[in-house]
Structure formats: C-alpha cells, structure tokens
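Summary of structural features
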Amino acid sequence: MENENTMKREALNSDSSHEQHHQQEKETKKKKLVLLIVNCILLSVGQVGGPMMLRLYYLHGGQRKWLSSWLQTSAFPILLIPLMVSWFKSKSKFHSQSQSTNVDHVNPGFLLTRKLFIWSVIVGIITGLDSFLFAVGYSYLPVSVASLLLATQLAFTAVFALVLVKQKFTPYSINSVVLLTLGAVILAFHTSSDKPIGVSKAQYFLGFFMTLGGAALLGFMLPLIEFVYANACKVITYDLVMQMQFLVSLFATVFSTIGMLINKDFQAISREANEYGLGETKYYMVLVFTSILIQLSIVGYLGVIFYATSLFTGILVTLLIPIQQIFAIIFFHEKFSAEKGMSLALSVWGFASYFYGEYKQTKKKTHQHKAVSTKSQEIPDEV
C-alpha cells in the first residue's frame, strides 16, 4: 500500500514537472514570437524608408557616394541605449549572485568571444562594402528598379543558405522562392523605360550592376550571419546579438569613413548643404533620417535571422519590394505598370506560401511533441 502511494506521488510530481516545463516552453515561444514581430517591424520600416530617403538625397542635388554609404551604418551609437540597459541588468544580477553564493562569477557584461569578435569585424567590412554598392546603385536608378534588383538577393540567399547552413527546403519554401524571383524577372523587362532624366546609359548600367552586386553580397551575408550564430560555440542570446550588431555597424562605418576621407567627402558636406534643392535644414534632416532608418533595418536583419532563419529574412525583404514601389509612385511619381502590379501579386502569393508551409511544419512538430509526451506519461502506469 505504501509503495503504491509512493508511486502515485511520483507520478503526480512527474505530471506537475512536465506541465511546468510545457508552460515554460509556451512562454518562451510567445516571447520569441513577440521579439520576432518587433524585429520584422524594424526591418520593414528601415528597408522601406531608408532607400526612399537615400534616393531623396540624390534627387535634389546630393552626389557623394561614400557619404551615402557612411549614412547607412553611422547611426550605430543609438544601439548604446539597449546595450547600457542590458549591461546594468547583467551587473545587478552578477552582484546578487556573488553575494548569495559567495562564489566568484564571470561578469557577463561583455558576451563576445574572440571568435565572435573576429566574425563581427568580417561581417562589418562586408556590410560596409555592400552599403557602398547600394549607394552607387541608388544614385543612378529609380527606387522601383533598384528594389526589383534587390529582389534577386532571394535567389542568392537560397543558394548560400543551402551551402552554409544546410537550409532544409519544403515544397512551400521552394514555391515561395520561385514566385518571388519570378516577380523580379517580370519587372526586369520593364526597366529600360524607367531611366531617370540626366542619367546616361553608362551610368544607368553602372548603377544596375552595382545594385545587382549588392544584392548578391546581401544574399551571401544573411546565411553567413546564421552560420556564425550556429558555430559560435556559445549560447546565442539577444544581448549577444545586440553586441554583434554594434560591432558590425561600427566596422562598416569605419570602412566607409576611410572612403570618405580619401574622397574628401567631409569637406564637401557644408558646400553640398548650401546648394541642396530642398534647403540646408532639410539636407541635414535627410542625412539624419537616412542614417536612423537604415540602422533600424540592420538591427532588424540580425534580429530576424536570430529568431527565424536567413531564408525567412530574404523572403521578408523581397515581400517589402513592391511596398517600396508603391511609396516611390506616391512620393517620387514613378510609373506603376501592369508588370509591377503582377510582381506585387506574386510577392504576396510567395510570402503566403512560405507562411503556410511554416504553419504546417509547426503543426506537425506540435503533434509529434504531444505524441512523445503521451508515451512518456504512459510508462509509469505500465511499470
């Protein structure tokens, strides 16, 4: 009888522990979903608004390519706000643990290992180069054409994700990549009529290939960041990701600053401001907003990769491209053709296809998890 009661108590404790673990998992998933949505919003706002502001700079007399490149990462000091909050929390936790256990703990304030530091420098330099390629592209191309070329990054992301992080493709994700890429190809047939006034054919093609190169480099960089996360030999937390973001933007800015110094862009800023079509005050406002918006997109990029995958990030960026074109039509009076409408429809279809596939995969995993849980609960009764 006593053994029977003991077994019942153990079974109840096991059920309670399992329920608690399940509840914790549920809360963690909710928290991750919220943070994923926040990073998606940051990426969306920056990805749509940043290039628009960059194009606005060129449309009214801006000409400095290295300055445009520098603007894309120079707002990184705003990351010091969340980093300082994280540091104070870590410091408080460190002191409380030390006092309660009387054991020396390693201060978790600076989380980057030497390996992650080196990778952050490498990714930062690649980001700086990518920023310059896009800066040249947006100086000669309308937003609609530059955005459709950016759509090709999805194909590059898919290939590099397969090579670097062994990304598993489902029929839905393959369908999504095909639809989104097809949307970009359809738009490509309409580029010749969109050449801006005052831009030569040689400049147009220079911008075309520089933007295409930027898209390829971005398609390589997204899986590379996921690869770094996967091979960090350390638990990756969002605090760690924020520190990486700071260093990536810092070294990208250093890269562009060197270009600005060689090209004497710093000396030209005041002269360019005086001659700017919208006035000196609005010139500086354009620079500031460009910098902040594109920095938000960088934060969003690394955050979405952390909470999802590089392929999902590429698909989200591609979905935003038709939205960029709508804003370009409203604010810059660029033409909206039937090809652009078809591209928008294909992009939405492709994005929906990807999400439906993810929903089915999540549902399948949930059923498998429940089946395993049921079996593990049945074992004590059988014994």
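Residues numbered from 1 in each chain as written. Predicted model: local features only at pLDDT ≥ 70, side-chain atom pairs only at ≥ 80, totals over all residues. Heavy atoms only, no water.

Re the overall build of the protein
Helices and strands together make up the secondary structure of the protein, namely 13 helices and zero strands. What you see in the protein, going N to C, is helices and strands ordered as α-α-α-α-α-α-α-α-α-α-α-α-α. Across the 383 residues that make up the protein, the buried fraction comes to 46%. Put simply, the protein shows about 20300 Å² of open surface, and 67% of that area lies on carbon and sulfur atoms. (Helix = DSSP H or I, 4+ residues; strand = E, 2+ residues; numbered from the N terminus. Buried < 20%, exposed > 50% of the residue type's maximum accessible area, 1.4 Å probe, protein only. Areas by Shrake-Rupley, 256 points an atom, 1.4 Å probe, with all protein chains shown as cover.)

Comments concerning the pattern of salt bridges
Here the structure, examined in full by the defined rule, presents one salt bridge. Between Asp-265 and Arg-64 there is a salt bridge whose closest N-O contact spans 2.8 Å. Highlighted residues: Asp-265 in helix 10 (residues 265-275) and Arg-64 in the loop between helix 1 (2-59) and helix 2 (65-71), separated in sequence by 201 residues. In terms of burial, Asp-265 and Arg-64 fall into one category: buried. (Salt bridge = Lys/Arg side-chain N within 4 Å of Asp/Glu carboxyl O.)

Looking at the packing of aromatic side chains
Under the definition given, this model contains 16 aromatic pairs. An angle of 45 degrees between the planes, with centres 6.2 Å apart, marks the rings of Tyr-57 and Tyr-283 as tilted. Remark: Tyr-283 occurs in helix 11 (residues 280-307) and Tyr-57 occurs in helix 1; sequence separation between them is 226 residues. Residue class for Tyr-57 comes out buried when judged on its relative accessible area of 1%. Here the aromatic rings of Phe-117 and Phe-251 are separated by 6.2 Å at their centres, their planes lie at 90 degrees, and the arrangement is edge-to-face. Of the two residues, Phe-117 sits in helix 4 (residues 114-140) while Phe-251 sits in helix 9 (residues 238-263), which places them 134 residues apart along the sequence. For Phe-251, a relative accessible area of 23% gives the class partly exposed. Through a chain of ring-to-ring contacts, three or more aromatic side chains come together here, namely Tyr-57, Tyr-58, Tyr-276, Tyr-283 and Tyr-284. (Phe/Tyr/Trp six-rings, centres within 6.5 Å; stacked < 30°, edge-to-face > 60°.)

Points about the packing of helix 9 against helix 11
For the pair helix 9 and helix 11, interaxial distance at closest approach is 10 Å and the crossing angle is 140 degrees. Our classification of the angle between helix 9 and helix 11 gives oblique. Crossing of helix 9 over helix 11 shows right-handed handedness. Within the contact between the two elements, helix 9 uses Tyr-238, Val-241, Gln-245 and Ser-249 and helix 11 uses Gln-295, Ile-298, Val-299, Leu-302, Gly-303, Phe-306 and Tyr-307. Each residue belonging to the contact of helix 9 with helix 11 can be placed in one class, and the counts come to seven nonpolar, four polar and no charged. (Axes fitted to C-alpha atoms, helices over the stretch in contact; angles between N-to-C directions. Parallel < 35°, antiparallel > 145°, perpendicular 65-115°, else oblique. Left-handed = near helix turned anticlockwise from the far one by under 90°. Contact = heavy atoms within 4.5 Å. Nonpolar A, V, L, I, M, F, W, Y, C, P; charged D, E, K, R; others polar.)

Side note on the side chain of Asp-130
Its place among the elements puts Asp-130 in helix 4. The side chain of Asp-130 is buried and forms no salt bridge, while Lys-65, the nearest opposite charge, is found at 17 Å. What Asp-130 contacts, discounting residues up to four positions off in sequence, is Gly-214, Leu-217, Leu-218 and Met-221. (Lys, Arg positive; Asp, Glu negative; His and termini not counted.)

A closer look at helix 6 (residues 153-164)
The first and last C-alpha atoms of helix 6 sit 16 Å apart over 12 residues, in line with the 16 Å expected at 1.5 Å per residue. Where helix 6 terminates, the next one or two residues include Lys-166, which has phi positive at roughly 55 degrees. (Expected span 1.5 Å × (residues − 1).)

Thoughts on a nonpolar patch on the surface
On the surface, Ile-323, Ile-326, Phe-327, Ile-330, Phe-331 and Phe-336 cluster together into a nonpolar patch covering about 540 Å² of accessible area. Note that Ile-326 resides in helix 12 (residues 310-332). (Patch = residues over 30% accessible without salt bridge, like charges linked within 9 Å, V, L, I, M, F, W, Y side chains within 5 Å.)

As for the confidence of the model for the protein
When pLDDT is averaged along the protein, the result is 80, and 81% of the positions lie at 70 or above. Of all helices and strands in the protein, the one with the weakest mean pLDDT is helix 13 (residues 338-382) (68), whereas helix 2 scores best (94). (pLDDT = per-residue confidence, 0-100.)

Digging into the nonpolar core
Within the largest apolar cluster, 78 residues are counted, with the highest numbers of intra-cluster contacts made by Leu-67, Tyr-229 and Tyr-283. With near-sequence residues (within four places) excluded, Tyr-283 lies in contact with Tyr-57, Leu-67, Ile-269, Glu-272, Ala-273 and Tyr-276. Of all hydrophobic cores here, the second largest spans six residues; its members include Phe-76, Leu-79, Leu-83 and Val-299. (Core = buried A, V, L, I, M, F, W, Y, C linked by side-chain atoms within 4.5 Å.)

Focus on the environment of Leu-302
Following the sequence through the fold, Leu-302 ends up in helix 11. Here Leu-302 falls in the buried class, since its relative accessible area comes to 5%. Remark: the alpha-carbon pair of Leu-302 and Tyr-238, spanning 64 residues in sequence, is separated by 9.7 Å. If we skip the residues at most four places from it in the chain, Leu-302 touches Ile-225, Tyr-229, Val-241 and Gln-245.

Points about the packing of helix 4 against helix 9
For the pair helix 4 and helix 9, the least separation of the axes is 7 Å and the interaxial angle reads 45 degrees. Between helix 4 and helix 9, the angle falls in the class oblique. Classified by chirality, the crossing of helix 9 by helix 4 is right-handed. Across from Leu-116, Phe-117, Ser-120, Val-121, Val-123, Gly-124, Ile-125, Thr-127, Gly-128 and Leu-129 in helix 4, the residues of helix 9 making contact are Leu-240, Met-244, Leu-247, Val-248, Phe-251, Ala-252, Phe-255 and Ser-256. Here the contact of helix 4 with helix 9 is composed, by residue class, of 13 nonpolar, five polar and no charged.

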